[in-house]
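# Secondary and tertiary structure notes
Here is what each chain is made of, one letter per residue.
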Amino acid sequence: LCVNGMSFHKRDGRNANSAIVCGIDENTYGHNLLDGIKFQQEIERKAFELGGSNYNAPVQLVKDFMNDKKSEKIGEVVPTVKPGYVLSNLNDIYPEHVTNYIKTAIKMMDKKLHGFSMDEAILTGVETRTSCAVRMDRDDLLRSENIDNLYVIGEGSGYSGGIVSSAIDGLKAAEVILTSKLSK
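Reference entry: report on the structure contained in this document. (Residues numbered from 1 in each chain as written. Predicted model: local features only at pLDDT ≥ 70, side-chain atom pairs only at ≥ 80, totals over all residues. Heavy atoms only, no water.)

The subject of this paragraph is a nonpolar patch on the surface. Together, L33, L34, I37 and V134 line one region of the surface with nonpolar side chains, adding up to about 390 Å² of accessible area. Within the fold, I37 resides in helix α2 (residues 35–50). For I37, a relative accessible area of 30% puts it in the partly exposed group. (Patch = residues over 30% accessible without salt bridge, like charges linked within 9 Å, V, L, I, M, F, W, Y side chains within 5 Å. Areas by Shrake-Rupley, 256 points an atom, 1.4 Å probe, with all protein chains shown as cover. Salt bridge = Lys/Arg side-chain N within 4 Å of Asp/Glu carboxyl O. Helix = DSSP H or I, 4+ residues; strand = E, 2+ residues; numbered from the N terminus. Buried < 20%, exposed > 50% of the residue type's maximum accessible area, 1.4 Å probe, protein only.)

When its volume is computed, the second largest pocket comes out at roughly 160 Å³. Lining the second largest pocket, in full, are L61, K63, D64, K69, K70, E72, K73, I74, G75, D119 and E120. Classifying every residue of the lining of the second largest pocket gives 2 nonpolar, 1 polar and 8 charged. (1 Å grid on protein atoms, 1.4 Å probe; cavity = no way out; pocket = protein on both sides within 12 Å on 5 of 7 lines; lining within 4 Å. Points joined across faces, edges and corners; volume = space filled by probe spheres on them. Nonpolar A, V, L, I, M, F, W, Y, C, P; charged D, E, K, R; others polar.)

The subject of this paragraph is the sheet that holds strand β2 (residues 85–87). In spatial order, the strands read β2-β1-β3; together these 3 strands make up an open sheet with mixed pairing. Looking at which strands have only one partner, the edges of the open sheet turn out to be β2 and β3 (122–124). Going from strand to strand, the sheet's axes swing by 35° on average, the running direction of each strand aside. (Pairing = 2+ DSSP bridges. Axes fitted to C-alpha atoms, helices over the stretch in contact; angles between N-to-C directions.)

The subject of this paragraph is helix α5 (residues 163–182). Taking 1.5 Å per residue, 20 residues should reach 28 Å; α5 reaches 28 Å between its end C-alpha atoms and fits that length. All buried positions along α5 are accounted for by S166, D169, A173 and V176. The arc that holds the buried residues of α5, viewed along the axis, is 80°, so those residues lie on one side. Projecting away from the buried face of α5 at angles above 90 degrees are the exposed residues I163, V164, L171, E175, L178, T179, K181 and L182. (Expected span 1.5 Å × (residues − 1). Arc of directions from axis to C-beta.)

Right, let's talk about the pattern of salt bridges for a bit. All told, the structure shown has 5 salt bridges when counted by the stated rule. Across the salt bridge formed by D139 and R143, the nearest N and O atoms sit 3.0 Å from each other. By relative accessible area, which is 24% here, D139 ends up partly exposed.

In this section: the side chain of D64. Mapped onto the elements of the fold, D64 is located in helix α3 (residues 62–66). Assessed through its relative accessible area of 5%, D64 is described here as buried. At 2.8 Å, the side chain of D64 and the side chain of S71 are in polar contact. (Polar contact = N/O pair within 3.5 Å; in protein donor to acceptor, adjacent residues only side chain to side chain.)

Consecutive residues of a regular strand have side chains that alternate between opposite faces of the sheet. By the criterion of burial, strand β1 (residues 57–61) is predominantly enclosed, with 5 of the 5 residues buried. The two faces of β1 match: A57, V59 and L61 on one face and P58 and Q60 on the other face are all buried. Where β1 meets β2, 3 bridges bridge the pair, whose relative direction is parallel. If you follow A57 over to β2, its bridge partner there is Y85.

According to the stated counting rule, one finds 1 aromatic pair in the structure shown. A cation over a ring is seen here: R135 above Y159, with NZ or CZ 3.8 Å from the ring centre. Sitting above the plane of the Y159 ring, R138 keeps its charged end 3.7 Å from the centroid. (Phe/Tyr/Trp six-rings, centres within 6.5 Å; stacked < 30°, edge-to-face > 60°. Lys NZ or Arg CZ within 6 Å of the ring centre and 35° of its normal.)

Once that is clear, we can look at unusual backbone geometry. Residues K82 and P83 are joined by a peptide bond in cis, for which omega reads 10°. Its location among the elements puts P83 in the loop between α3 and β2. Omega for the bond connecting G125 with V126 falls within 30 degrees of zero, at -5°, which places this linkage in the cis form. Relative to the helices and strands, V126 resides in the loop between β3 and α5. Of note, the phi angle at S53 is positive, near 60°, even though the residue is not glycine. Summarising the element assignment, S53 is placed in the loop between α2 and β1. Judged by its relative accessible area of 40%, S53 is partly exposed.

Here it is as structure tokens:
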């Protein structure tokens, strides 16, 4: 199970949409070529199981997450994830040091955005696809170094970190393609 928050164009949903990103390296996931992907699959499998093995998402109140306690009830903030949710303990998903990084990030974010870590805020797990686990090689013109006529752009290739930067990467590739076509 992998979730990804979204906002409608009016940004008028019941809840705010944000994510907490934790960088990890081979000391967490392993040193072999595909260990990052295996780690990602393990995390997603744990989330699937915590959610009841039926594509419901595991959720937890921030207060309970910070205290390593399974949430027993929802407060004022009601999850909007589809198809549904299961009250869980998200501390059971990641290695302890990753969970501690996330807890530290929540505390730091609350200092900058008061209320970010309010007790009844909801955490929904897991989003493991913030950026590509493998980065494809490309040249200065955004072309693959290994495959002819392939432009390596966006999150899937490891070169951007979101919708806006992916769109800009796409625009740059379009400019390169149009420039090369016009010069012929």
